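A look at the structure
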Amino acid sequence: MMRILAPSILSADFGILGEQLRICDEAGAQYVHIDVMDGMFVPSITYGMPVISSIRPYTNRFFDVHLMIADPDRYLEDFVKVGADSITVHAEACKHLDATIERIKRLGVKAAVAINPATPVDSILHVLGKVDMVLVMTVNPGFGGQSFITYTLDKIRQVAKYAADNNLSYDIQVDGGITRDNLQEVLDAGANVIVSGSSVFKGDIADNVKYFLERM
Ligand code: DX5
Ligand code: ZN
């Protein structure tokens, strides 16, 4: 599987967001990870469609939209319209996960399912044949800069093993607390799409992106 870096703009400087996206792009980061939070599914509120359409012109990189919102079905079309290339929904937020995944695919973008640390991999086995990516959350979603939860490594391995055993080829994404220190561990466990917020945007962005990419 191709290894991909997805800087999470949650830790960016929103006053100069477009400019910072260009820096990530030029340094080689392939995705832009966009965390949408609604104050219901998670405690925080971040940004939505208007912000995504404002930053769309700054880069042609892949917009990986991570929806941490209740009942995401309500807004799938809107996120596609503003430029999402992929939409990730949380298993915990969907009443009919399989139908939601199908709807995302019919809209012509990639579809991904996310599970919180406490949600077992078993609860998404029925959609693993349909998704383009599985997001194994490595922190409880809601905030940037939290510490990596070690027990999620087993879940990454489990998701990777299921793909191998069933001849499936979805990407495996990790999100939350990924740093220079634990990057190798999550890669070894089987993750290939690496989200990083604070470890990319704190300090020199271009240097941080290059550091990650050279080790992936
Ligand atoms: C957490 C978000 C993450 C967050 C990661 O709820 O889904 O994408 O921005 O930030 P770091 O890498 O700082 O943990
Ligand atoms: Zn995220």
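Residues numbered from 1 in each chain as written. Chains lettered and ligands numbered in written order. Predicted model: local features only at pLDDT ≥ 70, side-chain atom pairs only at ≥ 80, totals over all residues. Heavy atoms only, no water.

**Quick word on the site of ligand 1**
Around ligand 1, 20 residues are found, and the nearest of them are S8, D35, G142, D175 and S198. Measuring from an oxygen atom of ligand 1, one finds a side-chain N or O atom of D35 at 2.7 Å. Taking H66, its side chain carries an N or O atom lying 3.4 Å from an oxygen atom of ligand 1. Protein chains shield 100% of the accessible area of ligand 1, which is 390 Å² for the free molecule. For the shell around ligand 1, the elements supplying multiple residues, two or more each, are β2 (31-37), β3 (62-68) and β8 (193-196). Residue contributions to the shell around ligand 1 peak at three residues, all from β2. Along the lines of polarity and charge, the residues of the shell around ligand 1 split into seven nonpolar, eleven polar and two charged. (Near = heavy atom within 4 Å. Polar contact = N/O pair within 3.5 Å; in protein donor to acceptor, adjacent residues only side chain to side chain. Areas by Shrake-Rupley, 256 points an atom, 1.4 Å probe, with all protein chains shown as cover. Helix = DSSP H or I, 4+ residues; strand = E, 2+ residues; numbered from the N terminus. Nonpolar A, V, L, I, M, F, W, Y, C, P; charged D, E, K, R; others polar.)

**Remarks on the pattern of salt bridges**
Evaluated as defined, the whole model comprises seven salt bridges. Across the salt bridge formed by D85 and R56, the nearest N and O atoms sit 3.2 Å from each other. Remark: R56 occurs in the loop between α2 (49-55) and β3 and D85 occurs in the loop between α3 (76-81) and β4 (86-90); sequence separation between them is 29 residues. Between K130 and E102 there is a salt bridge; the shortest N-O distance is 3.1 Å. Residue K130 is found in the loop between β5 (110-115) and β6 (133-137), and its partner E102 is found in helix α4 (residues 97-106); the two are separated by 28 residues along the sequence. You can call K130 partly exposed: its relative accessible area is 26%. (Salt bridge = Lys/Arg side-chain N within 4 Å of Asp/Glu carboxyl O. Buried < 20%, exposed > 50% of the residue type's maximum accessible area, 1.4 Å probe, protein only.)

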